[in-house]
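Fold and geometry: a report
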Number of protein chains: 2
Amino acid sequence: MQETLLEWRPAIDEAIADVLPREVDAAYLESYFGEPTFEYDPESIQRALADPIWDLLDRGGKRWRAVLFLVFVEAFGEAPEDYLPYATIPEILHNGTIIVDDVEDEAESRRGEPALHHRFGQDVALNAGNAMYFLPLKIITNNPGGLPESQRLAAYEMLMHELNRTHLGQGMDICWHNEREVRATREQYLEMCACKTGCLGRIVARLAAIVTDQSAEVERHAAEYAETVAVAFQIGDDVLDVEHSLGRAGDFGKAFGNDIREGKKTLLVLHAIEESDPADAERLADIIAAEENTDEEITEALRIIEASGSIEYAKDRARALSEEALAHVDALDIDRDAAEQLRSFAEFVVERDV
Amino acid sequence: MQETLLEWRPAIDEAIADVLPREVDAAYLESYFGEPTFEYDPESIQRALADPIWDLLDRGGKRWRAVLFLVFVEAFGEAPEDYLPYATIPEILHNGTIIVDDVEDEAESRRGEPALHHRFGQDVALNAGNAMYFLPLKIITNNPGGLPESQRLAAYEMLMHELNRTHLGQGMDICWHNEREVRATREQYLEMCACKTGCLGRIVARLAAIVTDQSAEVERHAAEYAETVAVAFQIGDDVLDVEHSLGRAGDFGKAFGNDIREGKKTLLVLHAIEESDPADAERLADIIAAEENTDEEITEALRIIEASGSIEYAKDRARALSEEALAHVDALDIDRDAAEQLRSFAEFVVERDV
């Protein structure tokens, strides 16, 4: 996968620059947004959109959503290079959600640099993030693949469906975060992951299926593969945070007890509260809800989580989801190389560092 | 127009409640967003979406975008009640932009109450505002009008086009606001209005034309009518602020010298800076750029604007745009009543209080 990612990156960034060039001028604005009624101001669009968006994109990011799209296109028997513009759709959407999430979470930094709203101001960052929800969707109208109406409509309907669910997931996450009490069920937590993170994966997979005109069955298996991998990834992340904090995992750059300090009601926390005796459950809920925690309190919370068997429980669920993802790959009936790419991607997601 | 607004309001709010009910339950979530993979949490969606969105909607707002849509549908010879769900699209979009704009501008209040991010928190407000960009677009997929593929696709393509331009307009506005210097031309200012405010008007008009299957020519005239009225409205707003501050207009609820205090580079300011002698132009630019101004400085700025003939200039442009809007109504070839409604709407917009 690593190789495929590096190989495609320059072409993907070039395709993103076709949507929004690094240097904006009137000619680009007229070609992408239509003739102005009066007169565009390219300098403003440079500062309001191109500068902040490329600032974020140039900080890195693996562009794996674009690459996964291309892997799917190849798996479906088409030439990936013919569909490059579409590969940018989930990538630009994802980076837009990052900007908006950082404003919502009042995040300080992103990819080792100040969060975009700190560097460019909240107004510029937010408008740029929101613009990224619509900029790439024009690609379907521009129709570089020469798709018939039915496929273009299917792409829009799919995108509206998944982007609506993204906001449901984010809404669930925000709501739980703002509540003192721990209220969500484990299944609701997984639904939040499926909506918030999984839907972007589903967009990758379904868009590849739609633009290459696959059957509904193929589209469904591809979507469920991507969603399931995304949920497994989130669980893996939650497990890593606890194991790292318990001194068991390799350094992955996160601080000790990070999730507990942030008050995250992860799958492990939800499991531990349900499975521990009432005193421990209450103590864990209190630590999670507290504004500040000492290292001793973090350790106490970690011990409660560990003692309740939550780590094994979460790993089992991640593993089961990963197997489910592989079953969807098998159902796709694609060539060996492509299936291997999708399999190694799913395994990479669950196994990393753990 | 006032009567038509009041008459339709209950039906419009009922149609909005079909998109997002006041009380969210699992049955609604499944029907609008599809079956969950795991399990929805209706309580979170209630708090994250339904509560804040209805809080804003219940504060008022004339729903004129929805009503104008219905006026167009009737003008095009169809029964408005058959197209009610579509009328909510521009209305929900508009209210979403209000929430997001208020976060971007760090506004304190909205419709006489605390801005949504003050009442519900920035994270909830922002996610709710963004959700409103996608919630109503599902209506086209749900297809209550039984439209063929080509019309549904046309609706999505139109929406993506106009929503992209909305973010261009907002980007121009934010960028100028953040700059000390006055750099925009008058035509760029009008383009900003056409994009930022006009595009929502265009959505109203074009959506009505698309769902009732009008010709490209009719769609164009309707769109240009709506855009032109919106731009005239913005100029009218700018004029009102100056005239009111000069003690010439009726009380319209704005504070003395409001736009100047906020540093707005309105059409009047741009004209005054271009047309005044260099000393006055520089003085006006300085006052506009200052963090704080005394009442004497505001008065000085107002006198420079007045002396340069900017009020008459802006009124002339608004009047010319209004006439242009009426010419588009004439070109529509619709019945007398409908044309009268559109005409009175355009006149109301430019004439109010001035």
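Here the structure is a predicted model, which is why all the values come from computation and not from measurement.

Regarding helix α3 (residues 42-57) of chain B
The sharpest bend along α3 of chain B comes to roughly 30°, located at Ala50 of chain B, with the proline Pro52 of chain B sitting one to four residues further on. Listing the buried residues of α3 of chain B in full gives Ser44, Ile45, Gln46, Ala48, Leu49, Ala50, Pro52, Ile53, Trp54, Leu56 and Leu57 of chain B.

A closer look at the relation of the copies chain A and chain B
By a simple turn and slide, chain A fits onto chain B: the slide is 0.0 Å along the axis, the RMSD is 0.1 Å, and the turn is 180°. In symmetry terms, the pair is related by a two-fold rotation axis. Distance from the rotation axis, computed per C-alpha, reaches its smallest value in chain A at Leu153 of chain A: 2.6 Å. Of the residues that chain A buries at the interface, 100% are likewise interface residues in chain B, meaning the two copies contact each other through the same surface.

A short note on unusual backbone geometry
Most peptide bonds take the trans configuration, and most residues that are not glycine carry a negative phi. Despite not being glycine, Asp213 of chain A has its phi angle at roughly 60°, a positive value. With respect to the helices and strands, Asp213 of chain A occurs in the loop between α10 (186-211) and α11 (216-245). Of the residues examined, Asp213 of chain A reaches a relative accessible area of 55% and is grouped as exposed. For Asn143 of chain B, which is not a glycine, the phi torsion comes out positive at approximately 55°. Counting through the fold element by element, Asn143 of chain B comes out in the loop between α8 (138-142) and α9 (149-178).

Considerations on the side chain of Thr97 of chain A
Residue and element names in this part refer to chain A. Looking at where Thr97 falls in the secondary structure, it is placed in helix α5 (residues 84-104). For Thr97, a relative accessible area of 14% translates into the label buried. Only 2.6 Å separates the side chain of Thr97 from the backbone oxygen of His94, close enough to count as a polar contact. For Thr97, the residues in contact, after removing those within four places along its chain, are Tyr133 and Leu200.

What about the pattern of salt bridges?
Counted according to the given criterion, the structure contains 72 salt bridges over all chains. Between Arg47 of chain A and Glu43 of chain A there is a salt bridge, and its shortest N-O distance comes to 2.4 Å. Of this pair, Arg47 of chain A and Glu43 of chain A both sit in helix α3 (residues 42-57), four residues apart, which is roughly one turn of the helix. According to the relative accessible area criterion, Arg47 of chain A is partly exposed, its value standing at 32%. Accessibility expressed as a relative area gives 35% for Glu43 of chain A, which makes it partly exposed. A salt bridge links Arg180 of chain B to Asp286 of chain B, with the shortest nitrogen-to-oxygen separation between them at 3.5 Å. Here Arg180 of chain B, found in the loop between α9 and α10 (186-211), pairs with Asp286 of chain B, found in helix α14 (residues 278-289); they are 106 residues apart in sequence, far enough to count as distant.

Description of the side chain of Gln151 of chain B
All names here are of chain B. Position of Gln151 among the secondary structure elements: in helix α9. The exposure class assigned to Gln151 is buried, which follows from its relative accessible area of 10%. Aside from chain neighbours lying at most four places away, what touches Gln151 is Ile210, Val211, Thr212 and Asp213.

Focus: the nonpolar core
Core analysis: the biggest nonpolar cluster contains 242 residues, and Phe69, Phe72 and Tyr225 of chain A together with Phe69, Phe72 and Tyr225 of chain B have the highest contact counts within it. Non-local contacts of Phe72 of chain B, meaning those with residues more than four positions away in its chain, are made with Val204, Ala205, Ala208, Ala222, Tyr225, Leu332 and Leu342 of chain B.

Reading the values: the criteria
Within any chain, residue numbers begin from 1 and follow the written order of that chain's sequence. Key to labels: chains lettered from A, ligands numbered from 1, both in the order written. Local features in this predicted model are restricted to residues of pLDDT 70 or higher, and side-chain atom pairs are both shown and tallied only at a pLDDT of 80 or more, whereas totals for entire chains, interfaces and linings draw on every residue. The basis for every side-chain value is the complete set of non-hydrogen atoms in the structure, without hydrogens or water. To get the bend at a given residue, fit one axis to the seven residues ending there, fit another to the seven starting there, and take the angle between those axes. Each helix corresponds to a stretch of at least 4 residues labelled H or I by DSSP, and each strand to a stretch of at least 2 residues labelled E; elements are numbered beginning at the N terminus. Any residue under 20% of the maximum accessible area for its type is buried, any over 50% is exposed, and the rest in between are partly exposed; the area is computed with a 1.4 Å probe on protein chains only. Residues below a pLDDT of 70 in either copy are left out; the C-alpha atoms of the rest, at least 70 in both, set the least-squares superposition of the copies. By definition in these notes, contact holds between two residues if any of their heavy atoms fall within 4.5 Å. Here a polar contact is taken to be a pair of N or O atoms separated by no more than 3.5 Å, where protein atoms must pair a possible hydrogen donor with a possible acceptor and residues adjacent in sequence count only if both atoms sit in side chains. By salt bridge we mean one thing: a side-chain nitrogen of Lys or Arg within 4 Å of a carboxyl oxygen of Asp or Glu. The nonpolar core is taken to be a set of buried Ala, Val, Leu, Ile, Met, Phe, Trp, Tyr and Cys residues, with the residues joined through side-chain atoms within 4.5 Å.

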